[in-house]
Structures are given as C-alpha cells and as structure tokens.
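A closer look at the structure
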Amino acid sequence: MSSLISFNFLFLFSFLTSSFTASAQDPFYLNHYCPNTTTYSSNSTYSTNLRTLLSSLSSRNASYSTGFQNATAGKAPDRVTGLFLCRGDVSPEVCRNCVAFSVNQTLNLCPKVREAVFYYEQCILRYSHKNILSTAITNEGEFILSNTNTISPNQKQIDGFTSFVSSTMSEAAGKAANSSRKLYTVNTELTAYQNLYGLLQCTPDLTRADCLSCLQSSINGMALSRIGARLYWPSCTARYELYPFYNESAIETPPLPPPPPPPPPRESLVSTPPISSSSLPGKSGNSTVLVVAVVVLAVLLFIALVGYCFLAKKKKKTFDTASASEVGDDMATADSLQLDYRTIQTATNDFAESNKIGRGGFGEVYKGTFSNGKEVAVKRLSKNSRQGEAEFKTEVVVVAKLQHRNLVRLLGFSLQGEERILVYEYMPNKSLDCLLFDPTKQIQLDWMQRYNIIGGIARGILYLHQDSRLTIIHRDLKASNILLDADINPKIADFGMARIFGLDQTQDNTSRIVGTYFVVDSSGYMAPEYAMHGQFSMKSDVYSFGVLVLEIISGRKNSSFGESDGAQDLLTHAWRLWTNKKALDLVDPLIAENCQNSEVVRCIHIGLLCVQEDPAKRPAISTVFMMLTSNTVTLPVPRQPGFFIQCRAVKDPLDSDQSTTTKSFPASIDDESITDLYPR
C-alpha cells in the first residue's frame, strides 16, 4: 500500500479522547426489515406471546452486560423467538437504552408481522415465528451503507485499496468467528498517516463456521472500493472506515496465555544427578560474553534515550519547517500542534488589516502565507475567553481530532501571553453565502453542485452527531459557516468553537445562546426552542440544516423576504408553495431548467421535515442522510414550520458575561446579525 501514501485522505475522522460519551438522545435508527408474508391479528395468542417476549428482552434482568440475549415465549404454532445484539463497544447502559427504544418502536414499524429485524447504530433487535437461534441468515433482511467516494480516481490505486481491505477484513472475520464473543476489531496501518478501522460481529449463538460464513457474506456484499462501508445481516455485521468509529478501549482484548508452570524443585528430580558447573563446557567463556553483551546493549539504549530527549526538545514545530499535513496528522499531544507565534506573525504580516478576511463574535480571521508558500486561515481569538492555558490546549487537541472531509481542518494553535491563535486550512472559494447569495456568482452553482453541497453538509453533521467519539452539537450552522474548497466541496467551520472558547456545551439547557444573535427569523438558522428558551439538542442542528437546504435550492436568504413577497421569511414561503402543490416554484430560476425535478422536490420535502416546530418531529441527521441517499426511504408528511417572528435573542448590555436574553419585539425591526468568525 506504499503507493497510497501520496494521497491526501479526506476521510480522517478521529478524536483524542479515551472513551465515547454516550448520548442522551434516542438511538440512531438505521433500517428495519419486516416481510409481510405472515401476519397475526391483534387479539391472537401470537400477539400476546410477542408482547411477552419483547417485555422479557427489554427487562432489567436481560443480559446487557454481555450485549446479547435470546428468549422464547409460547408454544407452537404461536411460539415467538427473539434476540438482541448490541455493538461490542457500547456500555450496558447504552445497550439497555437501545433495546428498550427498539422494543417501543417495533409494533409501530412492523405492525402485525410475525417476523422482523430492526437495525440501530447501537443494537439489532430481531424476532420471528421461526427458530432463529443458532442459525445464520444471509439471504434476506440485509442492510447496506456505503460511502459514495472511492480512495482515488486512479484505478490501480483503487484495486490496491480494495485488495488490502478485502484481505484485512477476511482475516479479521476468522478471528471474530474464533472469539468467545464472536467479535473482532481492526486497527491497522494503511499508510504512514492513515489507519483502516473495522468491526466484525456475530450473534454469539452461532457456530464458528456459521459466523465465518455470515461475515464473509457481509464482506463480499460491500463495495470495498469505497472509503467506508457496512453491511448488516440479521445474524452478523461488518463495517470498515478510515476513522475510529468504535470505542477501542471498551472492547476487551483476549487475555494473554498463562505463563508456563515453574520447574519442579530440584529435590524432586530423583533420577537426575546434580550437574556441577565445571562439567558444562565453555561455561566461563559464555558468561563473559553474556555480560559484555548486556553492558553494550545498556549503553546503546542510554545513548538512544539521551538522543531522543535532545531531539524532542530541539524539535519545535513551525509551518516554516513542517508541512501542513505533518502538523495535521501528528496529533498525539498538544505539543505536536503548537506553532511558533513569531512564525504566525510573519505569515500574517503582523496581523495586518489588509490580510483580514473575517470578523465575528470569537475574534478575527487573517489569511496567512508561510515561507514555504502554504496558505492558511489564522483565527485570532478575542481575549475574553475564560479558559486557562491547559484547558485551552486540551480543547484544541479534541477539536483537532475532529477530522472529516466535510469539516474545516484545524491544523494547529499558538499561545503567547493572552493571545490565543488557531490555524486552519485555507478555503480558496470562501464561504457558501459568498457564492449562493451573490447575483454575479450564483451561476457558478448548478444543481449538481448544490445537491453535492447538501449531501456534504449532511455528512459533516452526521459525523459530529454520531461518528465522532464525542457528540458535538454545532449550534451555529449557517451559510457563512459552510466553506468551499477549490472543488466546491463543503466544509463545516466553527464546529468546535464553543469548546475552544470555554463556553459550556455539556448541558442541554443554557442561558448562554451561542451563535448568531439576531431577530429570530431575520436570518432564521436558530431553532425556535433554542432561540426562545436556550434549549439545544441535535435536533437544533437539524433545524439549521433544513434552513440551509431551502436556501441552497432557492438561492435566497431566509432573511431576504419583505412585505412585497407576501411572506416574512423563506420557510413561510416554502411552506405555502408546498401546501399549494407548487414546490418547484421555490427553485432558483438559474437552475430550474437543468435539474431533476424529483430530486429537487425530495430535497424540499426533507428541508421542510427538518424545520418542523416540534423537535421530536424532526428526523435525526442519520435519517436525513438516508433520505438523501436512498429513494426507497418513504418520507413522512411534513408539518408546519415553527415561526417565532415576534421574538429575538439580544445581547444584554448589562451582562459582561456575553450571555443573552430573549425579549419580545415587533417583527419588522433591525435585521442585522452578528456573524461568528469563520476561517476562509
């Protein structure tokens, strides 16, 4: 795989944390399978047995610590058998929550069906009127997810990557089948800077042969040329990614074999006479050689240790001597991310006004160019952060470990007295709003590019909400925080600013409303429950994403509507068109003639689902992603969006802590917004 080292892997997802933080949100629904070939009536014996079974599987006495349990209720022909399997790295608490949630959803998702499988990110629940125990199923009920991107456009390198993944996963399948838990994880070097991660798991009731067969069917069914894929069967799962999607520390490694027993006492060796040292030929000479070898080895180790310490102390990383990829990939400690302040001063011409490219609530952004020609975005944070130096370094390392092709990459930081500097990759096409809302530049965004931008933003949010080791809620998603690289690929910015700046992001209710302060529907990205009550959740980000989707499709700001439009904002306008069955009238005229109507209408539908007033009615971002990538997913009917035009979040001038209060105002007041800083 040495030929792949030259690649700039865009799917480096990782976090410097030792464990997952279990989300209090509902488990992430993936899919369900319920063939309606055999059904039952509501008052039947089978219905009673099924409820008994589900109650048993979700009871507190279930084996959540092992992550697996099976049960049977009733007698033939109304016997029902069921089981659950939790992902091998989740805690018993997360496992219990997933199973209980799944049990509550079963009769809604698959009413009156005698057999069903429910797939969630954290667990699988399954029941049937057939005997499903100790039986591998690989001919029905499968669920596949694949990343749309390949490792490279070069076919030779694609073939090399495919071969590597295939052999690695197949070897891991054998080890999973041989393990007592029927579980094995992969963490192996793909290139000098990139690892391949995998997780393979069977239900423990399977035999070794059946487990291996099931996992191999999963591997064979995946598109191994993609940079990530997973395939679920009712009896096993297999997944690989280029980022650590599982909690490695939570999976027990097989115990080491016991040491050999000590030799029996000499007295017990009755049949063997003692041997004197003088009877061993060459004994004295061998001892001398051994002593000399040990001394030489000790001296060499000491010299190597001294040399390493000297080089480690001397090696102060700066962008003048190290490339951006080196700094970005070497993220084991804060020291490896810390950059020389004077180098940054030089790169920005001492933070010259002519180099300033952004200003916002967290500080200012400057374009920087290092002596090696590397362009970066330098964010100079304002000096009212509450964090000390140690806390700041810790949070920077955490955020730097958030690596995804749809997130702006944090390359390093610098500390100098009260100065706190963040260095990001530079985005040549600036932010989405610069293209989308500029009449002279809108033409650059055709429908395919806009559709790709929508999908890319969804992937980035999905990573923040689900695939990173910590659950990150952005809280300030907007067009100006979506940056565009040279190929118009979207990258979410400012996704870790609440952490870096020392704002509390651990509570689900806060008086500190982070992000854009504005008349709530003048910019309209902030979810009503967050703007009004300071309550935020993943569904707050989903709301903001829905606004973005409608803006991207229409080419208009949510705040660009006036009285002459007959609607106060884009959401009102979109909802009226939808209810009047004129959804396509929302489409930007620049792309109306060159877009797929079904695709556009589906995206409008998804956008309206995301901006519903009730957060519980909004889909999770994992569901949104499935809706965008699969036409087979049925979309529910959207409900009216939440409109809170009469209120706005404003900065309290008496509050030096920069918290906000919510007050009532007429809908027609000032529509200015304070935009958070974003790197370009």
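Please refer to the structure higher up on the page.
Next up on the list: the overall build of the protein. Summing up its helical and strand segments, the protein has 17 helices and 19 strands in all. By residue count, 52% of the 680 residues in the protein fall in the buried class. Long-range contacts, defined here as pairs at least 24 residues apart, represent 69% of the contacts in the protein between residues at least 6 apart. Split by element, the accessible area of the protein, about 31400 Å² in all, is 52% carbon and sulfur.

In space, the 5 strands of this open sheet follow the order β6-β9-β10-β8-β7, with antiparallel pairing throughout. The open sheet has two edge strands, β6 (143-146) and β7 (183-191), and neither has a second partner. Across this sheet, the average inter-strand angle for adjacent strands is 5 degrees, counted without regard to direction.

To continue, consider the pairing of strand β8 (residues 194-202). Counting buried positions along β8 yields 8 of 9 residues, so the element is predominantly enclosed. Note that β7 and β8 share 8 bridges and pair antiparallel. Looking across to β8, one finds that Thr191 is bridged to Gln194. Linkage of β7 to β8, two consecutive antiparallel strands, is achieved through a turn of 2 residues. One ladder, built from 6 bridges, connects β8 with strand β10 (residues 236-241); its direction is antiparallel. By the bridge assignment, Tyr197 is partnered in β10 with Glu241.

The subject of this paragraph is the pattern of salt bridges. Scanning all chains against the criterion turns up 19 salt bridges. For Arg87, the salt bridge identified is with Asp89, shortest N-O distance 2.7 Å. For the pair Arg87 and Asp89, one class covers both residues: buried. With a closest N to O distance of 2.8 Å, Glu121 and Arg230 form a salt bridge. Here Arg230 lies in strand β9 (residues 229-232) and Glu121 lies in the loop between β4 (116-120) and β5 (123-128), a separation of 109 residues in the sequence. Residue classification places Glu121 among the buried positions, given a relative accessible area of 6%. Within the structure, one salt-bridge network assembled from shared partners comprises Arg87, Asp89, Glu121, Arg230, Arg239, Glu241 and Asp467.

Here we come to the packing of aromatic side chains. Evaluation of the coordinates by the stated rule reveals 16 aromatic pairs. Between the aromatic rings of Phe245 and Tyr246, the centroid separation amounts to 5.2 Å while the plane-to-plane angle is 85 degrees, which identifies the pairing as edge-to-face. For the pair formed by Phe245 and Tyr246, the shared burial category is buried. A cation over a ring is seen here: Arg420 above Phe392, with NZ or CZ 5.3 Å from the ring centre.

Let us look at the sheet that holds β5. If you trace the 5 strands from one edge of the open sheet to the other, you get β1-β4-β5-β3-β2, paired in antiparallel fashion. Of all strands in the sheet, those with a lone pairing partner are β1 (29-33) and β2 (68-73), marking the two edges. Taking each pair of neighbouring strands and ignoring which way they run, the sheet shows an average axis angle of 10 degrees. Here helix α1 (residues 45-57) sits on the sheet in contact with β2, β3 (80-86) and β5, set at roughly 155 degrees to β2.

Further remarks concern the state of the cysteines. All chains considered together, the criterion is met by 5 disulfides. For Cys34, the disulfide goes to Cys110, at an S-S distance of 2.4 Å. Note on the Cys34 and Cys110 pair: the S-S dihedral is about -80 degrees, so by sign convention the disulfide is left-handed. Of this pair, Cys34 sits in the loop between β1 and α1 while Cys110 sits in the loop between α2 (92-109) and β4; the two residues are 76 residues apart in sequence, bridging distant segments of the chain. Classification of Cys34 by relative accessible area gives partly exposed; the value is 23%. The disulfide partner of Cys86 is Cys95, and the S-S distance across this bridge is 2.0 Å.

Attention now goes to the packing of helix α14 (residues 538-554) against helix α16 (residues 597-610). Interhelical geometry of α14 versus α16 gives an angle of 150 degrees and a closest axis separation of 7 Å. In this structure, α14 meets α16 at a crossing whose hand is left-handed. Note on element contacts: α16 touches α14 through Val600, Cys603, Ile604, Gly607, Leu608 and Cys610, opposite Val542, Tyr543, Phe545, Gly546, Val549, Leu550 and Ile553. Partitioning the contact of α14 with α16 into residue classes produces 11 nonpolar, 2 polar and no charged.

What follows covers the packing of helix α10 (residues 447-467) against α16. Contact geometry of α10 with α16 gives a least axis separation of 12 Å together with a crossing angle of 35 degrees. The two elements α10 and α16 meet at a crossing, and its hand is left-handed. Contact with α10, carried on its side by Trp447, Tyr451 and Ile454, involves Glu599, Val600 and Cys603 of α16 and no other residues of that element. Split into classes, the residues belonging to the contact of α10 with α16 amount to 5 nonpolar, no polar and 1 charged.

What counts, and at which threshold
Residues numbered from 1 in each chain as written. Predicted model: local features only at pLDDT ≥ 70, side-chain atom pairs only at ≥ 80, totals over all residues. Heavy atoms only, no water. Helix = DSSP H or I, 4+ residues; strand = E, 2+ residues; numbered from the N terminus. Buried < 20%, exposed > 50% of the residue type's maximum accessible area, 1.4 Å probe, protein only. Contact = heavy atoms within 4.5 Å. Areas by Shrake-Rupley, 256 points an atom, 1.4 Å probe, with all protein chains shown as cover. Pairing = 2+ DSSP bridges. Axes fitted to C-alpha atoms, helices over the stretch in contact; angles between N-to-C directions. Salt bridge = Lys/Arg side-chain N within 4 Å of Asp/Glu carboxyl O. Phe/Tyr/Trp six-rings, centres within 6.5 Å; stacked < 30°, edge-to-face > 60°. Lys NZ or Arg CZ within 6 Å of the ring centre and 35° of its normal. Disulfide = S-S within 2.5 Å. Left-handed = near helix turned anticlockwise from the far one by under 90°. Nonpolar A, V, L, I, M, F, W, Y, C, P; charged D, E, K, R; others polar.

Everything listed is a geometric property; what it means functionally is a separate question.
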